[in-house]
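Read off the chains here:
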Amino acid sequence: MLKKILICISLCFLFSLNHTYAQDLSANAQSSILIEATTKQVLYQKNETEKLFPASTTKIMTMILMFEAINSGSLSWEETLTCSEYAASMGGSQIYLEQGETMSVSDLFKSIAIASANDSCVMIGERIGGTIEKFVDMMNNKANELGLVNTHFMNATGLHDDDHYTCALDLSTMAAYLLDIGGDDLLATTSLYDSYIREDSDSKFWLVNTNKLLNSYEGCDGLKTGYTKEAGYCIVSTAKRNGLRLIAVVLKESDPKTRNSEVSQLLDYGFSLYESVTLFKKR
């Protein structure tokens, strides 16, 4: 199969017009960025390295470590994990796992990607790291490996901690890496607007995606939303049209409607001004 080995982002309008248009984007966000996913070329940025609280966009790093474990063979989708007392104690978004309850890695991932389940994140973290503390160390080590400039993790969920922070640039870097290692397995789940877990039990549980752009923005198939009082409304969104995949991040928005509108504006900007061009193909 022929593969693209070089992607060129081509400007479709004059730079001066591009710049004037871009000035009006993400006016209400504290920080934002738009990149092309493969090259990580920055197409728009605003306070992109400012330290901010990430809320549940943290789970992008949790999913990175999960996919690395899957890809290395140290974890499988079919493996069944048992919920610890600590995992069952998580607040915020959850699927109400009970201590001693078992669930497959596949369903745990589904509940993280779709419903942002904190209890599922802890179960995955405890399995991969041995303890949640060691898993958080792995998260910070991976941040260093990826060259993140302003990120530090204190947990696997994004529940608020003053020492738990990141920035829009780092989130876009994490998202690009997750898309690369997760591929179709990732997008097959992050693109689902809803699904079910515990389907073969009396406790069938409906998952509804926190990313409403899946039903309203053409080409959107991920990636992660977040909210806490301290972080405001956040989103890391990805969409693909005509071979061009973009990643847009907005942080600390005042409400979900504004968040979704401004991240859509960023994506519209990218798709209207740029295109993916294959310069030559590998034989």
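In the block above lies the structure referred to throughout.
Residues numbered from 1 in each chain as written. Predicted model: local features only at pLDDT ≥ 70, side-chain atom pairs only at ≥ 80, totals over all residues. Heavy atoms only, no water.

> When you look at the side chain of Lys59 in this model, what are you seeing that I'm missing?
Assignment of secondary structure puts Lys59 in helix 2 (residues 59-72). No salt bridge is formed by the buried Lys59, whose closest oppositely charged neighbour, Asp119, lies at an N-O distance of 8.5 Å. Of the polar contacts made by the side chain of Lys59, one reaches the side chain of Asn118; its length is 2.8 Å. For Lys59, the contacting residues outside a window of four places in its chain are Ile112, Ser116, Ala117, Asn118, Cys121, Ala156, Thr157 and Lys224. (Helix = DSSP H or I, 4+ residues; strand = E, 2+ residues; numbered from the N terminus. Buried < 20%, exposed > 50% of the residue type's maximum accessible area, 1.4 Å probe, protein only. Lys, Arg positive; Asp, Glu negative; His and termini not counted. Salt bridge = Lys/Arg side-chain N within 4 Å of Asp/Glu carboxyl O. Polar contact = N/O pair within 3.5 Å; in protein donor to acceptor, adjacent residues only side chain to side chain. Contact = heavy atoms within 4.5 Å.)

> Explain the pairing of strand 8 (residues 220-228) here, please?
Look at any regular strand and the pattern is simple: side chains alternate between the two faces of the sheet. Most of strand 8 is tucked away: eight of the nine residues are buried. In the sheet, strand 8 pairs with strand 9 (residues 232-241) via eight bridges, with the strands oriented antiparallel. Each bridged residue has a counterpart across the sheet, and for Leu223 the counterpart in strand 9 is Ser237. Hairpin connection between strand 8 and strand 9: a loop of three residues separates the two successive antiparallel strands. (Pairing = 2+ DSSP bridges.)

> Just to check I follow, could you spell out helix 6 (residues 132-145) for this structure?
Since the α-helix turns once every 3.6 residues, residues separated by three or four places project in the same direction. With 14 residues, helix 6 extends 20 Å between its outermost C-alpha atoms, agreeing within 8% with the 20 Å of an ideal straight helix rising 1.5 Å per residue. Along helix 6, the residues classified as buried are Ile132, Phe135, Val136, Met139, Asn140, Lys142 and Ala143. Along the axis of helix 6, the buried residues cluster in a sector spanning 155 degrees; they form a single face. Facing away from the buried surface of helix 6 by more than 90 degrees, the exposed residues are Glu133, Lys134, Asn144 and Glu145. Against the buried residues of helix 6 lie helix 2, helix 3 (85-88), helix 5 (118-129) and helix 7 (168-190). At the exit of helix 6 stands Gly147, carrying a positive phi of roughly 75 degrees. (Expected span 1.5 Å × (residues − 1). Arc of directions from axis to C-beta.)

> Mind showing me how you'd approach helix 8 (residues 256-273) here?
Its 18 residues place the ends of helix 8 26 Å apart at the C-alpha level, agreeing with the 26 Å of an ideal helix rising 1.5 Å per residue. Taken together, the buried positions of helix 8 are occupied by Thr258, Arg259, Asn260, Glu262, Val263, Ser264, Leu266, Leu267, Tyr269, Gly270, Phe271 and Leu273. For helix 8, the side-chain oxygen to backbone nitrogen distance between the N-cap and Lys257 is 3.1 Å, and the N-cap itself is Asp255.

> What is the right way to look at the packing of aromatic side chains in this model?
Two aromatic rings, taken as a pair, are described by how far apart their centres are and by the angle between their planes. Within the structure shown, the criterion is met by seven aromatic pairs. When the centroid spacing of 6.3 Å and the interplanar angle of 70 degrees are considered together, the rings of Tyr44 and Tyr269 count as edge-to-face. Highlighted residues: Tyr44 in strand 3 (residues 42-46) and Tyr269 in helix 8, separated in sequence by 225 residues. The exposure class assigned to Tyr269 is buried, which follows from its relative accessible area of 1%. On the basis of an interplanar angle of 75 degrees and a centroid distance of 5.6 Å, the ring pair of Phe67 and Trp77 is categorised as edge-to-face. Here the residue Phe67 occupies a position in helix 2, and Trp77 occupies one in the loop between helix 2 and strand 4 (80-82), the gap between them amounting to ten residues. (Phe/Tyr/Trp six-rings, centres within 6.5 Å; stacked < 30°, edge-to-face > 60°.)

> Looking at this model, I keep getting lost on unusual backbone geometry. Mind explaining?
Most peptide bonds take the trans form, and the phi angle of most residues other than glycine is negative. The linkage connecting Gly222 with the following residue, Leu223, adopts the cis geometry, with an omega of 25 degrees. Structurally, Leu223 is set in strand 8.

> Hey, could you run me through the sheet that holds strand 9 in this one?
Consider a sheet: its strands pair through backbone hydrogen bonds, and that pairing is either parallel or antiparallel. A sheet is described by the order of its strands in space; here five strands give the open sequence 3-2-10-9-8, paired in antiparallel fashion. Two strands close off the open sheet at either side, each with one partner strand: strand 3 and strand 8. The average undirected angle you get between the axes of adjacent strands in this sheet is 5 degrees. (Axes fitted to C-alpha atoms, helices over the stretch in contact; angles between N-to-C directions.)

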